[in-house]
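Spelled out, the chains give:
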Amino acid sequence: MESLTSNGSSGGESTPPPRRGCSSSARAVRSRSRSLDCITDHLRPPPPPTPPPDDCILPDGMLFGLDIGGTLGKIVFREPDHVPQGAMARQVERLREYFRSKELTGRDHGAEDDELQLKSSRAFGGTLHFITFEARNIDYVFEIIRKECSASPSEVLKWKIYATGGGAFKLEDRFYRELGVHVRKNDEMQTIVSGVECLLNNVEEECFTWVPKDANCTEWECESVPSEPRKPWLIVNVGSGVSMLKLDEQQTVQHGKVSTYKRVGGTPLGGGTFLAVGCLLTGAKNHEELMELSAKGDPKAVDKLVGDIYGDDYKGLGLSADTVASSFGKLVNPDLRESVRREDLAASLVQMISWNIAHIARLVAAHEGVKTIIFTGSFMHDNFASQKKFAHAFRYWSNGDSRALFMRHEGYVGAIGALSMSTLSKGDHTHFF
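Residues numbered from 1 in each chain as written. Predicted model: local features only at pLDDT ≥ 70, side-chain atom pairs only at ≥ 80, totals over all residues. Heavy atoms only, no water.

A. Structural view of the confidence of the model for the chain. Across the chain, the average pLDDT comes to 83, with 82% of residues at or above 70. Considering only residues more than four positions removed or in separate chains, one finds that residues 1-42, a stretch of pLDDT under 50, has eleven contacts. The low-confidence segment residues 425-433, where pLDDT is below 50, has 36 contacts with residues more than four positions distant or belonging to other chains. (pLDDT = per-residue confidence, 0-100. Contact = heavy atoms within 4.5 Å.)

So, in structure tokens, the structure goes:
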């Protein structure tokens, strides 16, 4: 009987037995399977970011607090810890680049204040980035959102935006009409109060003051305030104008506890006045340049002092010779107007506005029986000259019974407050597309 070949035919050489393992067709199937696995892995959504710890005070995800004022805009961006690789990580990197660019500032540096960054904060569930821009550059903020809607629409859907300031109300319709964004807006005064309390409760050494190094108060040093000061407080928020809020102890409401507050005073002479008049007087282009000029100037070169009028101290009223009798008073002399330095003009202007705010705040504090005065607002940022004047004024007028306090994130209390108020409806998205 003839043997059969392996293919069922008779005769000829037999086909060698297949090798152990897969046949060529099986290998092809496996190869195609591996390719499909790769595609599936690529299409599979990345794992969600690690949820924030239980003691985090903010919702999870990408959060933005916007404070759009009449002069400056502020953004606080919460970058979550442990961002997974993929679209979200790429978006975070793009946002960092946007905030480092010069588009928002129009100057030779980016808008983010790196020195204020709070890295991997457990209380905030990630890293807080702090960005300042002039409100007239708000179009670039719209452009950032527009670019992200195009580059990564699914990630933008997860954003949560909380806003305050006049611009939150003024621009609400534009956000929705141009971008499809519904912004959760909050009352400006309420966010200031919430922001101050949030920072004092969750950021170490947030609060500080200035103390004299000598009896004549000629030199001052910065001193941290280790614990939250006792209420009541007078919060003096120096924005475009100035609002003064009395903050009392907390009371229980539907969603938790909030401090009670009321507006007890203010003045229209604030940061907007300083920027507008200062630019007119000196030719400066922005707030930063104006502050740099004032730091190099001497207000005594343009202010008329008690000593200029009396030749010495006015002992009958207890006024020293270097007390300012009239801001810019020396410039009634036309010859001095011809030779005045713009640095001296800037220094006199910042002093005049600071003394005006200090006087009103002191009177309001005395009337309301408040001994702790906390100054906030972008006008105070790195404005050490004004801070020392406020500290000196309250120490002098109260015989040491009252004190002026300052905050390291003073310009961002509104934006932080808008974020912190998100805990009243934790998990709610603030806009949709």
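B. Spatial organisation of the pattern of salt bridges. Following the criterion strictly, the structure yields 21 salt bridges and no others. Here R146 and E143 are joined by a salt bridge, their closest N and O atoms 2.9 Å apart. Of this pair, R146 and E143 both sit in helix α3 (residues 138-151), separated by three residues, roughly a single helical turn. Classification of R146 by relative accessible area gives partly exposed; the value is 34%. You can call E143 partly exposed: its relative accessible area is 29%. Residue E197 is joined to K231 by a salt bridge in which the shortest nitrogen-to-oxygen separation is 3.1 Å. Taken together, the residues span a long stretch of sequence, with E197 in helix α7 (residues 188-202) and K231 in the loop between β8 (220-224) and β9 (233-238) at a distance of 34 residues. The burial state of E197 is the same as that of K231; both residues are buried. Among the charged side chains, a network of salt bridges with common partners joins D139, E143, R146, R174 and E178. (Salt bridge = Lys/Arg side-chain N within 4 Å of Asp/Glu carboxyl O. Helix = DSSP H or I, 4+ residues; strand = E, 2+ residues; numbered from the N terminus. Buried < 20%, exposed > 50% of the residue type's maximum accessible area, 1.4 Å probe, protein only.)

C. Structural context of the packing of aromatic side chains. Under the defined criterion, the tally for this structure stands at 13 aromatic pairs. Residues F77 and F99 carry aromatic rings whose centres are separated by 6.1 Å and whose planes lie at 55° to one another, so their mutual orientation is tilted. In this pair, F77 sits in strand β2 (residues 72-80) while F99 sits in helix α2 (residues 87-100), placing the two residues 22 residues apart along the sequence. Here F99 falls in the buried class, since its relative accessible area comes to 3%. Seen from their ring centres, F142 and F175 are 4.5 Å apart, and the 25° between their planes marks the pair as stacked. Here the residue F142 occupies a position in helix α3, and F175 occupies one in helix α6 (residues 172-179), the gap between them amounting to 33 residues. Taken as a pair, F142 and F175 share a single burial class, namely buried. Three or more aromatic residues link up through ring pairs in this structure, and these residues are F208, F375, F390, F394 and F406. Geometry around F142 places R174 over its ring, the cationic atom sitting 3.9 Å from the centre. The cationic tip of K231 hangs over the ring face of W233; the distance from NZ or CZ to the ring centre is 4.4 Å. (Phe/Tyr/Trp six-rings, centres within 6.5 Å; stacked < 30°, edge-to-face > 60°. Lys NZ or Arg CZ within 6 Å of the ring centre and 35° of its normal.)

D. Spatial organisation of the packing of α2 against α3. Close contact between α2 and α3 brings their axes to 12 Å; oriented N to C, the two are set at 160°. Here α3 runs roughly antiparallel to α2, going by the angle between their axes. Here α2 runs over α3; the crossing is right-handed. Two secondary-structure elements touch here, α2 through Q91, R94, L95, Y98 and F99 and α3 through Y140, I144, K147, E148 and A151. A per-class count over the contact of α2 with α3 returns six nonpolar, one polar and three charged. (Axes fitted to C-alpha atoms, helices over the stretch in contact; angles between N-to-C directions. Parallel < 35°, antiparallel > 145°, perpendicular 65-115°, else oblique. Left-handed = near helix turned anticlockwise from the far one by under 90°. Nonpolar A, V, L, I, M, F, W, Y, C, P; charged D, E, K, R; others polar.)

E. Structural view of the layout of surface pockets. Considered as a void within the structure, the largest pocket measures approximately 1,300 Å³ in volume. What lines the largest pocket is a set of 35 residues, among which D322, Q351, W355, K389 and H392 lie closest to the centre. Counting residues per element, the lining of the largest pocket draws most heavily on helix α13 (residues 384-397), which supplies eight residues. Across the lining of the largest pocket, the residue classes break down as 16 nonpolar, eleven polar and eight charged. In this model, the second largest pocket occupies a volume close to 790 Å³. Around the second largest pocket sit 32 residues that line it, and D113, T132, E288, H381 and D382 are the ones nearest its centre. For the lining of the second largest pocket, the elements supplying multiple residues, two or more each, are β2, β4 (126-134), α9 (287-296) and α13. Residue contributions to the lining of the second largest pocket peak at five residues, all from α9. In terms of residue class, the lining of the second largest pocket is built from twelve nonpolar, nine polar and eleven charged. (1 Å grid on protein atoms, 1.4 Å probe; cavity = no way out; pocket = protein on both sides within 12 Å on 5 of 7 lines; lining within 4 Å. Points joined across faces, edges and corners; volume = space filled by probe spheres on them.)

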